[in-house]
Amino acid sequence: MDALMLDGNAAAGLLQEIFGSEMTTAVGTCHACGTAGEVGGVFLYRGAGLVFRCPQCDAVLMKIVVGGTRRWIDLRGLRALELDLELGT
Amino acid sequence: MEGAAVLGRLNWLEAEVVEIRPETSQTKTIGFEVPGWPGHRAGQHVDVRLTAEDGYQAERTYSIASAVDDSRIELTVERLDDGEVSPYLTDELRPGDTIELRGPVGGYFVWDPHAQGTVFLVGGGSGVVPLMAMARQRAAEGSKIPTRLLYSARTWDDVIYRDELTRLAAGDAGLDLVYTLTRAQPPGWEGYGRRVDLELLAEVAPAPAVLAVAFVCGPTPFVEAVASGLVQLGHVPARVKTERFGPTGG
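Residues numbered from 1 in each chain as written. Chains lettered and ligands numbered in written order. Predicted model: local features only at pLDDT ≥ 70, side-chain atom pairs only at ≥ 80, totals over all residues. Heavy atoms only, no water.

How should I be thinking about the interface of chain A and chain B in this particular structure?
Contact with chain A, which involves 24 residues of that partner, is made by 24 residues of chain B. Carbon and sulfur atoms make up 52% of the surface buried where chain A meets chain B, a total of about 1800 Å² over both sides. Run the count over chain A and chain B and you get 3 salt bridges. A salt bridge links R244 of chain B to D7 of chain A, with the shortest nitrogen-to-oxygen separation between them at 2.3 Å. Across the contact surface, chain A and chain B share 9 residue pairs in polar contact (both at pLDDT 80 or more). Elements represented by at least two residues in the side of chain A that touches chain B include exactly β1 (5-7) and α1 (12-19) of chain A. Sort the elements by how many residues they give to the side of chain A that touches chain B and α1 of chain A lands first, with 5 residues. Its residues assigned to classes, the side of chain A that touches chain B shows 9 nonpolar, 10 polar and 5 charged. (Contact = heavy atoms within 4.5 Å. Buried area = accessible area lost by both parts, 1.4 Å probe. Salt bridge = Lys/Arg side-chain N within 4 Å of Asp/Glu carboxyl O. Polar contact = N/O pair within 3.5 Å; in protein donor to acceptor, adjacent residues only side chain to side chain. Helix = DSSP H or I, 4+ residues; strand = E, 2+ residues; numbered from the N terminus. Nonpolar A, V, L, I, M, F, W, Y, C, P; charged D, E, K, R; others polar.)

Teacher, can you tell me more about the packing of aromatic side chains here?
Any aromatic ring pair is given by two values, namely how distant the centres are and how the planes are angled relative to each other. All names here are of chain B. On inspection of all chains with the given rule, the structure shows 5 aromatic pairs over all chains. On the numbers, 5.2 Å between centres and 85° between planes, the contact of W156 with Y179 is edge-to-face. With W156 in the loop between β8 (147-153) and α3 (162-170) and Y179 in strand β9 (residues 175-181), this residue pair connects regions lying 23 residues apart in the sequence. Given the relative accessible area of 26%, W156 is considered partly exposed. For Y179, a relative accessible area of 9% translates into the label buried. When the centroid spacing of 6.4 Å and the interplanar angle of 55° are considered together, the rings of Y179 and W189 count as tilted. (Phe/Tyr/Trp six-rings, centres within 6.5 Å; stacked < 30°, edge-to-face > 60°. Buried < 20%, exposed > 50% of the residue type's maximum accessible area, 1.4 Å probe, protein only.)

What is the right way to look at the pattern of salt bridges in this model?
If the charged atoms of two oppositely charged side chains come close together, the side chains can form a pair. Applying the stated criterion to the full structure yields 23 salt bridges over all chains. Close ionic contact of E38 of chain A with K241 of chain B constitutes a salt bridge, the shortest N to O distance being 3.5 Å. Of this pair, E38 of chain A sits in strand β3 (residues 36-38) while K241 of chain B sits in strand β11 (residues 240-244), placing the two residues on different chains. Across the pair E74 of chain B and R72 of chain B runs a salt bridge, and its minimum N-O distance is 3.3 Å. Exposure remark for R72 of chain B: the relative accessible area of 23% places this residue in the partly exposed category. Here the salt bridges do not stand alone but share partners, grouping E17 and R71 of chain A together with D47, E59 and R102 of chain B into one network.

How do you make sense of the domain arrangement of chain B when you look at a structure like this?
Note on interface size: it is often stated as the accessible area lost on association of the parts. All names here are of chain B. For chain B, the assigned domains are domain 1 (13-105) and domain 2 (118-244). The gap between the C-alpha centroids of domain 1 and domain 2 is 24 Å. Contacts between the two partners involve 17 residues from domain 1 and, on the opposite side, 15 residues from domain 2. Summing both sides of the interface, domain 1 and domain 2 together bury roughly 1200 Å²; the carbon and sulfur share of this comes to 55%. Of all residues in domain 1, T24, A42 and A65 bury the most surface against domain 2, accounting for 31% of the area lost on that side. On the surface where domain 1 and domain 2 come into contact, there are 0 salt bridges. At the boundary of domain 1 and domain 2, one finds 6 residue pairs in polar contact (both at pLDDT 80 or more). (Domains from an automatic or database assignment.)

Would you explain the sheet that holds strand β4 (residues 43-46) of chain A in this entry?
The pairing of strands in a sheet comes from backbone hydrogen bonds and takes either a parallel or an antiparallel form. Residue and element names in this part refer to chain A. Pairing within the open sheet is antiparallel, and its 5 strands lie in the order β1-β4-β5-β6-β7. Edge positions in the sheet fall to β1 and β7 (70-74), since each has one partner strand and no second. The mean angle between the axes of side-by-side strands here comes to 25°, regardless of whether they run parallel or antiparallel. Inspection of the sheet shows β4 paired to strand β5 (residues 50-53) by 4 bridges, in the antiparallel sense. (Pairing = 2+ DSSP bridges. Axes fitted to C-alpha atoms, helices over the stretch in contact; angles between N-to-C directions.)

As structure tokens, this is what we get:
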């Protein structure tokens with residue numbers, strides 16, 4: 001356990017800004033272990049950027065760096081991201 | 001569609017302070033009037049942005065404390081002495097001042113008015129804030145969903161919303177309140193007097209068969225202890241929703 005750890009839910013605003021939809025209820029699938037779960041419930045570490053990790057296997061799912069008005073997004077740890085637009089309001 | 005709200009698009013809104021009330025020695029509730037507020041669900045939060053005269057900006061996330069109420073929202077802010085944003089919000093803001101906020105955000109940690117079974121709310125310190133929004137929303141809807149709130153605070157004086165919680169529970173057989181005071185207990189105290197551990201959870205948590213969902217909010221080590229304890233007691237991880245504060249720099 002790491003005292004700096006947060007939940008994906010803490011990045012709800014930034015994710016919605018980038019994806020244009022509510023993302024904490026979107027279901028992401030970990031490329032490393034195949035576990036699927038809501039983005040709001042994954043582990044989030046905040047440093048120079050945001051690092052989202054799989055709560056099952058700890059692999060990196062997604063990285064986001066914010067610099068002024070630019071957003072740099074690395075999604076290589078996600079096999080899939082599934083949104084329900086009904087929930088995305 | 002110039003000027004029309006775009007679905008999902010987040011815009012920064014001007015929020016005017018209309019009320020400030022102290023809750024405990026370290027926390028204040030700040031009421032805002034937010035023109036254009038789209039409404040929210042209990043448990044959601046907002047991003048708050050402060051801009052200094054030189055253009056420097058600081059952003060923090062705060063849970064909404066109030067039930068849905070038109071264009072008005074309330075935030076309860078804990079003052080972190082070495083924080084960058086919270087001392088400004090708790091000490092400097094005055095009615096009539098404006099700040100920027102955007103939201104509501106987050107659909108993950110929200111009250112479900114159709115929950116089947118018992119809802120278990122577990123709050124550590126100011127982690128009670130989004131849970132209070134749920135208790136208030138539940139009361140406003142006249143919901144009968146059985147709900148138990150386990151609230152861990154350092155002392156009786158650190159319990160936020162103490163009187164309102166007592167009032168809500170007194171008029172409602174479906175809402176149970178369980179306190180644990182970890183640092184000091186008043187004379188004659190009949191609640192728990194220690195940090196939440198597995199034995200305490202085993203006594204207080206609804207049985208796995210009746211639990212609809214557990215919402216756990218507080219400092220990261222607190223949430224970790226509660227969430228892993230619930231899983232050890234046989235609860236399905238997907239039904240244990242967490243919101244960790246971490247050291248946000250307040």
